[in-house]
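Given next are the chains, with one letter for each unit.
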Amino acid sequence: MFVMEVKFYRCSTCGNVICKVVDSGVVPHCCGSEMILMKPKSVDNGREKHLPEVEWDGDHKLKVRIGSQPHPCTPEHYISMIALEMEDGICIKTLQPCCDVKDAACADKLAASEAEAKDVVECCDGKGLLSRIFGDECKDGGDDKDEKSAWPHAKFRCCRKKAKGVYAYCNIHGLWYLPLNEKE
């Protein structure tokens, strides 16, 4: 079976990020110039921790949490996507920065059940759209008391044997990668 290497590109002008699903050898363009191929990092020595951490629930449910400590979660600095690479494709979950929207009614609408409502963090994209993003509430973090931080995470359903790796993208610190199944 032919398996394509996953490639992520970023526009240096506007910050768009794309995942190349078919590689014909042509570099994608955005804003009138070639996009930059991002090389994922796999060693995290910085203040914020970006490497994905994984936890399997059986052989078909994967929970991915980013970092060993909360990550900033502001429009200027946040984890914008988590992607699961599998033998037969990729699944990408996009995330939004936290904000100060604290509306219980919106949380209830976002929750699949009343019991889940208390785990919902209300986040918006500046246009009033809310998303269920993080299981923990945004917390004060870092040196700046006003800086929001959170535990970015996503859940995936996939066959454990077919999972190859997990990517995370920080809009400031770039692309990060954790290979899976190397020791199994």
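About the cut-offs
Residues numbered from 1 in each chain as written. Predicted model: local features only at pLDDT ≥ 70, side-chain atom pairs only at ≥ 80, totals over all residues. Heavy atoms only, no water. Helix = DSSP H or I, 4+ residues; strand = E, 2+ residues; numbered from the N terminus. Buried < 20%, exposed > 50% of the residue type's maximum accessible area, 1.4 Å probe, protein only. Contact = heavy atoms within 4.5 Å. Areas by Shrake-Rupley, 256 points an atom, 1.4 Å probe, with all protein chains shown as cover. Pairing = 2+ DSSP bridges. Axes fitted to C-alpha atoms, helices over the stretch in contact; angles between N-to-C directions. Phe/Tyr/Trp six-rings, centres within 6.5 Å; stacked < 30°, edge-to-face > 60°. Lys NZ or Arg CZ within 6 Å of the ring centre and 35° of its normal. Core = buried A, V, L, I, M, F, W, Y, C linked by side-chain atoms within 4.5 Å.

K.L.:
Just checking my understanding: could you explain the overall build of the protein chain for this structure?
P.N.:
Along the protein chain, the regular secondary structure elements total two helices and 17 strands. Relative to its 184 residues, the protein chain shows a buried fraction of 39%. Counting contacts in the protein chain only where the partners sit at least 6 residues apart, residues at least 24 apart contribute 52% of the total. As displayed, the protein chain offers around 10,800 Å² of accessible surface, 49% of which is attributable to carbon and sulfur atoms.

K.L.:
Would you mind going over the sheet that holds strand E17 (residues 174–179) with me for this structure?
P.N.:
Pairing between sheet strands relies on hydrogen bonds along the backbone, with the strands arranged either parallel or antiparallel. Judged by pairing direction, the sheet is antiparallel, and its four strands sit side by side in the order E10-E9-E16-E17 without closing on themselves. Strands at the two margins of the open sheet, each flanked by one partner only, are strand E10 (89–94) and E17. Each adjacent strand pair in this sheet contributes to an overall mean axis angle of 20 degrees, direction not counted. Note: strand E9 (residues 79–86) against E10, six bridges, orientation antiparallel. Directly across from Met 86, in E10, lies its bridge partner Gly 89.

K.L.:
Could you clarify how one ought to interpret the packing of aromatic side chains in this entry?
P.N.:
Remark: the centre distance and the inter-plane angle together describe each pair of aromatic rings, the angle taken between the planes. For the coordinates displayed, the defined rule picks out two aromatic pairs. Measuring from centroid to centroid gives 4.5 Å for Tyr 167 and Tyr 177, while their planes differ by 45 degrees, and the two rings are tilted. Here Tyr 167, found in strand E16 (residues 163–170), pairs with Tyr 177, found in strand E17; they are ten residues apart in sequence, far enough to count as distant. Side by side, Tyr 167 and Tyr 177 carry an identical accessibility label, which is buried. Taken together, the ring pairs in this structure connect Phe 8, Tyr 167 and Tyr 177 into an aromatic cluster. Of note, Arg 65 hangs over the ring of Trp 151, and the distance from its end group to the ring centre comes to 4.0 Å. The positively charged end of Lys 93 is found above the aromatic ring belonging to Phe 156, 5.0 Å away from the centroid.

K.L.:
How do you make sense of the sheet that holds strand E6 (residues 52–57) when you look at a structure like this?
P.N.:
Read from one edge of the open sheet, three strands run E6-E7-E15, paired in antiparallel fashion. Two strands close off the open sheet at either side, each with one partner strand: E6 and strand E15 (153–157). Put simply, the sheet's adjacent strands are angled 20 degrees from each other on average, direction ignored. Pairing of strand E7 (residues 61–66) with E15 involves five bridges; the strand directions are antiparallel. The residue of E15 that forms the bridge with Lys 61 is Arg 157.

K.L.:
Explain the nonpolar core here, please?
P.N.:
The nonpolar side chains of soluble globular proteins are, as a tendency, buried together. Leu 62, Val 64, Ile 82, Leu 84, Phe 156 and Val 166 are the most contacted members of the largest nonpolar core, which totals 17 residues. Listing elements by their share of this core, those giving two or more residues are E7, E9, E15 and E16. Contact partners of Leu 62, with chain neighbours within four places excluded, come to Val 54, Glu 55, Trp 56, Leu 84, Ala 154, Lys 155, Phe 156, Val 166 and Leu 180. One finds Val 6, Met 81, Tyr 167 and Tyr 177 within the second-largest nonpolar core, a separate group that totals nine residues.

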